[in-house]
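So you can see what is in the structure, the chains are spelled out below.
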Amino acid sequence: MMNLVFFGPPGSGKGTQAEIIASNMELKHISTGDIFRKNIKEKTELGIMAQAYMKEGKLVPDQLTINLLSNELDMCRSSKGFIFDGFPRTLTQAESFDKLLSVKNMPISLVISLEVSENELVYRLLERGKVSGRVDDQDENIIRNRIQVYNKETSILKDYYVNTINEYFISINGEKNIDVISEDISLYIKNFIVNSHKL
Ligand code: AMP
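Quick look at the structure, then. A quick note: this is a predicted structure, and the numbers were derived from the prediction, not measured.

This part is about helix α4 (residues 62-75). Under the 1.5 Å per step criterion, the end-to-end length of α4 is 20 Å for 14 residues, consistent within 8% with the ideal 20 Å. Listed in full, the buried residues belonging to α4 are T65, I66, L68, L69, S70, E72 and L73. Each element contacted by the buried residues of α4 is listed here: β2 (28-31), α2 (32-41), α3 (45-54), β3 (81-85) and α5 (91-103).

A word on the environment of R128. Position of R128 among the secondary structure elements: in helix α6 (residues 118-132). In this structure, the C-alpha to C-alpha distance between R128 and Q138, residues ten residues apart in sequence, is 8.2 Å. Those residues in contact with R128 that sit more than four places away from it in its chain are R134, D137 and R146.

So, about the pairing of strand β1 (residues 2-7). Of all the six residues making up β1, six are buried; the element is thus mostly covered by neighbouring parts of the structure. Both faces of β1 are covered, namely the face carrying M2, L4 and F6 and the face carrying N3, V5 and F7. With five bridges joining them, β1 and β3 adopt parallel strand pairing. Across the sheet, L4 pairs through a bridge with I83, a residue of β3. In this sheet, strand β4 (residues 110-115) lies alongside β1 in parallel orientation, the contact comprising four bridges. Following the sheet pairing, F6 is matched in β4 by I112.

Turning our attention to the site of the ligand. Around the ligand sit 15 residues, and of these T32, R37, K58, G86 and Q93 come closest. A distance of 2.8 Å is found between a nitrogen atom of the ligand and a side-chain nitrogen or oxygen belonging to T32. Separating an oxygen atom of the ligand from a backbone N or O atom of K58 is a distance of 2.6 Å. Here the ligand, which alone exposes 480 Å², has 96% of that area covered by the protein. For the shell around the ligand, the leading source of residues is α2, giving four residues. Residues belonging to the shell around the ligand are distributed by class as follows: five nonpolar, five polar and five charged.

Let us now look at the nonpolar core. Side chains that are nonpolar tend, in soluble globular proteins, to be buried together. Counting residues in hydrophobic clusters, the biggest one holds 30 residues, and the most contacted among them are L69, L73, F84, F97, I108, V111 and Y161. Of all the secondary-structure elements, those providing two or more residues to this core are β1, α2, α3, α4, β3, α5 and α8 (157-165). The contact partners of I108, leaving out residues within four places of it in the chain, are N3, V5, F97, D98, L101, Y161 and I165. One finds L4, I83, L110 and F192 within the second-largest nonpolar core, a separate group that totals 17 residues.

Ordered in space as β2-β3-β1-β4-β5, the five strands form an open sheet in which the pairing is parallel. Among the strands making up the open sheet, the edge pair consists of β2 and β5 (169-173). On average, adjacent strands in this sheet sit at an angle of 20 degrees to one another, irrespective of strand direction. As judged from the five bridges shared by β4 and β5, these two strands associate in the parallel manner.

Our next topic: the side chain of T65. When you line up the elements, T65 lands in helix α4. If sequence neighbours within four positions are ignored, T65 has contacts with T32, F36, V60, F87 and Q93.

Attention now moves to the pattern of salt bridges. Note on pairing: side chains with opposite charge can pair once their charged atoms come close. If you walk through the whole model with that rule in mind, you get 16 salt bridges. Note that D74 is salt-bridged to K104, the shortest N-O span being 2.6 Å. A residue pair is termed long-range when its members are at least 10 positions apart, and D74 in helix α4 and K104 in the loop between α5 and β4 qualify at 30 residues. Accessibility expressed as a relative area gives 32% for D74, which makes it partly exposed.

Bringing the packing of aromatic side chains into the picture now. One pass over the structure, following the stated rule, counts seven aromatic pairs. With 6.0 Å between their ring centres and 50 degrees between their planes, F7 and Y150 make a pair best called tilted. Of this pair, F7 sits in strand β1 while Y150 sits in helix α7 (residues 140-154); the two residues are 143 residues apart in sequence, bridging distant segments of the chain. A relative accessible area of 2% places F7 in the buried class. Where F87 meets F97, the ring centres are 5.1 Å apart and the plane angle is 85 degrees; that geometry is what we call edge-to-face. Separated by ten residues along the polypeptide, F87 in the loop between β3 and α5 and F97 in helix α5 bring together distant segments of the chain.

How each quantity is defined
- Residues numbered from 1 in each chain as written.
- Predicted model: local features only at pLDDT ≥ 70, side-chain atom pairs only at ≥ 80, totals over all residues.
- Heavy atoms only, no water.
- Helix = DSSP H or I, 4+ residues; strand = E, 2+ residues; numbered from the N terminus.
- Expected span 1.5 Å × (residues − 1).
- Buried < 20%, exposed > 50% of the residue type's maximum accessible area, 1.4 Å probe, protein only.
- Contact = heavy atoms within 4.5 Å.
- Pairing = 2+ DSSP bridges.
- Near = heavy atom within 4 Å.
- Polar contact = N/O pair within 3.5 Å; in protein donor to acceptor, adjacent residues only side chain to side chain.
- Areas by Shrake-Rupley, 256 points an atom, 1.4 Å probe, with all protein chains shown as cover.
- Nonpolar A, V, L, I, M, F, W, Y, C, P; charged D, E, K, R; others polar.
- Core = buried A, V, L, I, M, F, W, Y, C linked by side-chain atoms within 4.5 Å.
- Axes fitted to C-alpha atoms, helices over the stretch in contact; angles between N-to-C directions.
- Salt bridge = Lys/Arg side-chain N within 4 Å of Asp/Glu carboxyl O.
- Phe/Tyr/Trp six-rings, centres within 6.5 Å; stacked < 30°, edge-to-face > 60°.

These figures capture arrangement, not role.
Written out as structure tokens, the structure is:
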């Protein structure tokens, strides 16, 4: 089973790359942001709660997000693997995620971290905001807040994963062309598959 975590600040291209790799490898793409947005659109109770945080660029509380992720995994039991995009985003989420995955006997294969400079992130998100219709992509203050939240609460997970899964944490230059980034990621995945067959 292949379980990939796509990690990086907002605008680093996690969603784009997750979609490409999920389609190439027939993995189930789970984006917590997309699930929240779907719930907001459908005006569910979860959507109404999440919206208050998302429109300000804050994180949705951990317990809500962890429950959502756990339910989503239960619904897709037959998948041959997953790409987690935008989860985990805090230490609490990462620790709960580890427990959940260990109960389900589905270890993380690789954590792929996309590295992009802050100026490039702001530029990309403002450009995306012109077409995505996402309120949180249209206001530079909200965008900067999301990046600050990432720097404060999420970027620490790099150390967490380097300490826990070490060589399975991969840093990738996320400022290259989309196709080149997909090729770089695919190469790491192929190496992982070859090495795990050797074990
Ligand atoms: P994204 O689509 O990944 O950029 O996420 C958009 C927004 O959804 C974030 O700014 C958060 O408000 C919320 N969100 C998505 N994933 C998470 C998560 N794992 N933990 C908390 N909030 C999240």
